[in-house]
Structure formats: C-alpha cells, structure tokens
Amino acid sequence: MITQVENPVLEIHDLTVSYDQNPVLWNVDLSLPSGKLVGILGPNGAGKSTLIKSIMGLIPPTSGYVRIFDKPLNDVRARISYVPQRESVDWNFPASVLDVVMMGTYGKLGLFRRPGKKEKDLAMQCLEQVGMTGFLKRQISELSGGQQQRVFIARALAQQADLYLMDEPFAGVDMATETAIFQLLKEMADSGKTVLVVHHDIHSAMNFFDWVIMLNLHLVASGPKELVITEDLLRKTYGGKLNLLTKVTDLIRNKDFNPLKS
Ligand SMILES: Nc1ncnc2c1ncn2[C@@H]1O[C@H](COP(=O)(O)OP(=O)(O)OP(=O)(O)O)[C@@H](O)[C@H]1O
Ligand SMILES: [Mg+2]
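Residues numbered from 1 in each chain as written. Chains lettered and ligands numbered in written order. Predicted model: local features only at pLDDT ≥ 70, side-chain atom pairs only at ≥ 80, totals over all residues. Heavy atoms only, no water.

K.L.:
How do you make sense of helix α1 (residues 48-55) when you look at a structure like this?
P.N.:
Count 3.6 residues to each turn of an α-helix, and residues three or four apart come out pointing the same way. Buried residues dominate α1, accounting for 7 of its 8 residues. Within α1 the residues assigned to the buried category are Lys48, Ser49, Thr50, Leu51, Ile52, Ser54 and Ile55. A positive phi of about 75° marks Gly57, the residue just after α1. (Buried < 20%, exposed > 50% of the residue type's maximum accessible area, 1.4 Å probe, protein only. Helix = DSSP H or I, 4+ residues; strand = E, 2+ residues; numbered from the N terminus.)

This is the structure in structure tokens:
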C-alpha cells in the first residue's frame, strides 16, 4: 500500500467523517500522484460517496484534512469537477441537455461574462464525446437513466478541470458507452489530469484503472492497480461475499486481464 507519493495532487490526512456523530470513515490517510485514472472500490455503505463529498468540502470532517494541489480546497475549487451519485441529483430540475452541459463552462467565465460561441462549441464537443448531440433541446427529466448520466459526464468534461471526482458515473450506462468514456478518461489522465471514479465492476476496474483505492469504512489499500487488486485485499474489502469474487480472483491468478481491453 502506498500512502505517500511525491508531489501529490490530492492529500488526505487522517480523515474521519461522521453523520450525526457516528463516524462512517475512519482515519483515512492517502495521497495520489497526478496523471492517474484512479478507481475507488468498496461495498455499499463503505463510505465511497462520503469520501468524495468530503474531498469536495460538502461534509465537514470530524478530524483530519484534505489538501488539493498543495492548497486548501477553497483556493482550487475551480480546478475540480464533480459528478454526484445519481440518487443525489434532482432530475426534474427544468433544464435542457445543452443548458446542463453549458453550466459546466461557467466556472471558467468571469463574473460579468455571459456564455458565448466558445462555450457553446465546448459544450457541443463534450456532448459529442458521450454520444448525446442528438438530444440538445430535450429536458433532462425526459431522458433515460443512462442518457441522463451521459449528460452529467459531459457537464463534468466541459469544466476542463485538473481533478475529476466521479461518483458511479457509469450507473445505468451501457457497456459500449462505458468503454468509450473510459478510453476518454484514460486519455485525460495521460495528459496529466487526475480522474477519480467510484466504480462497482472489479473486472473493468482491472482493465482501466492505473491506481486503486479500496475502502470499507477504513482505508484497506491505495496504490498501483497491480499491487492492490489482490485476492487478499479484495477479501478484506468485500468480506464474505466471495462468490462474487471467485471469478475475479481466477482472473488475477491467470493474469488474464489486459489494460484497455474489456
Ligand atoms: N446523510 C446521511 N446521514 C446519515 N448517514 C449517512 C448519510 N449518508 C450516508 N450515510 C451512511 O454512511 C455510510 C457510508 O455511506 P456512503 O454513501 O458514503 O457509502 P457508499 O460507499 O457510497 O455506498 P454505495 O455503494 O451504496 O453508494 C452508510 O452506512 C450510510 O448509511
Ligand atoms: Mg455511494
């Protein structure tokens, strides 16, 4: 497990987070290098969303702190993009697909500038990347679940951030689209951005992520995928649910996985 790296993009120091005084994340200590596609794995209730929300400053920590780009969050907020978990979004909010993605560009606009052609072109490009240009005027409430999710990914892309925090962005998204967007996130990471993705599928995690964080109320592991996705650490993370893991551990034993092939 690697908790300290040189020139970290994100440092989490001894972070404990609670709801109503009940801690759900205990003493998480880790740091992440730049330019990595990072997976956050763990069972339901492990604290994955809580971790992301507290990195975003949405939940104050009980103890510990987070530094991003060697600064406190408030100094670097404009460089961070967040895709919340599906359940926490109001999909009835009256906005068209194009509106939602244009909102992603606002952070880079000055206080008195209105979005213009440049922002619209960027929004269109991001919609193209998630295959949603055919729905520009559609209200987001009138899309399928997977389509809504794709629009939210496009909004995050339009923010042109340096750090992306994505909470189950592929929930309900079909495999072909997921693979295409994973490729895109990989290219973004290769160009120096850092992309954190909460993800449930261990098989595609093995294929796509460079770095993996395993959580189950405590930090189980954080490090390069090759070191972290092991039978032992998967057991520690997922406990007794071994049926689910059998296939994955077989794959690990056979080394039958190949980056960028799903
Ligand atoms: N607003 C809240 N108030 C009280 N408890 C909460 C709240 N949000 C989450 N919890 C609890 O905190 C724990 C961690 O929840 P969290 O949403 O971070 O899990 P998760 O790993 O994202 O799970 P999932 O895979 O289901 O999204 C859970 O036990 C959950 O019930
Ligand atoms: Mg969650």
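K.L.:
Honestly, the pattern of salt bridges in this entry has me stumped. Any pointers?
P.N.:
Side-chain pairs of opposite charge can arise whenever the charged atoms involved come near each other. Taken as a whole, this structure holds 9 salt bridges when the rule is applied. Note that Arg67 is salt-bridged to Asp70, the shortest N-O span being 3.5 Å. When the shortest N-O distance is used, the salt bridge between Arg79 and Asp162 registers 2.8 Å. Of this pair, Arg79 sits in the loop between α2 (73-76) and β5 (80-83) while Asp162 sits in the loop between α5 (145-158) and β6 (163-167); the two residues are 83 residues apart in sequence, bridging distant segments of the chain. Since its relative accessible area comes to 26%, Asp162 is described here as partly exposed. Salt bridges sharing common partners tie together Arg79, Asp162 and Lys193. (Salt bridge = Lys/Arg side-chain N within 4 Å of Asp/Glu carboxyl O.)

K.L.:
Sorry, what's going on with the site of ligand 1 here?
P.N.:
Taken together, 13 residues form the shell around ligand 1, and within it Gly45, Lys48, Ser49, Thr50 and Gln85 come nearest. Interatomic distance of 2.7 Å between a side-chain N/O atom of Lys48 and an oxygen atom of ligand 1. In isolation ligand 1 exposes 640 Å². Once the protein is present, 60% of that is buried. Classifying every residue of the shell around ligand 1 by side-chain character gives 4 nonpolar, 7 polar and 2 charged. (Near = heavy atom within 4 Å. Polar contact = N/O pair within 3.5 Å; in protein donor to acceptor, adjacent residues only side chain to side chain. Areas by Shrake-Rupley, 256 points an atom, 1.4 Å probe, with all protein chains shown as cover. Nonpolar A, V, L, I, M, F, W, Y, C, P; charged D, E, K, R; others polar.)

K.L.:
Explanation requested: the coordination of the magnesium ion (ligand 2) in the structure shown.
P.N.:
Each donor-metal-donor angle in an ideal tetrahedron of four donors is 109.5 degrees, and each such angle in an ideal octahedron of six donors is either 90 or 180 degrees. Distances from the magnesium ion (ligand 2) to its protein donors, Ser49 (OG) and Gln85 (OE1), fall within 2.0 to 2.2 Å. Linking Ser49 in helix α1 with Gln85 in the loop between β5 and α3 (97-103), this pair joins segments that are 36 residues apart in sequence. On the accessibility criterion, Gln85 (22% relative accessible area) is partly exposed. (Donors = N, O, S within 2.8 Å, 3.2 Å for Na, K, Ca; no water.)

K.L.:
I'm lost on the packing of aromatic side chains in this one. Help?
P.N.:
This structure, assessed with the given rule, holds 4 aromatic pairs. Ring centres 4.2 Å apart and planes at 10° place the aromatic pair Phe182 and Phe208 in the stacked group. A residue pair is termed long-range when its members are at least 10 positions apart, and Phe182 in helix α6 (residues 175-190) and Phe208 in helix α7 (residues 202-208) qualify at 26 residues. For the residue pair Phe182 and Phe208, the accessibility class agrees, reading buried in each case. A connected cluster of aromatic rings, assembled from ring pairs, spans Phe170, Phe182, Phe208 and Phe209. Sitting over the ring of Phe69, Arg79 keeps its end group 3.8 Å from the ring centre. The ring of Phe152 carries Arg155 above its face, with NZ or CZ at 4.6 Å from the centroid. (Phe/Tyr/Trp six-rings, centres within 6.5 Å; stacked < 30°, edge-to-face > 60°. Lys NZ or Arg CZ within 6 Å of the ring centre and 35° of its normal.)

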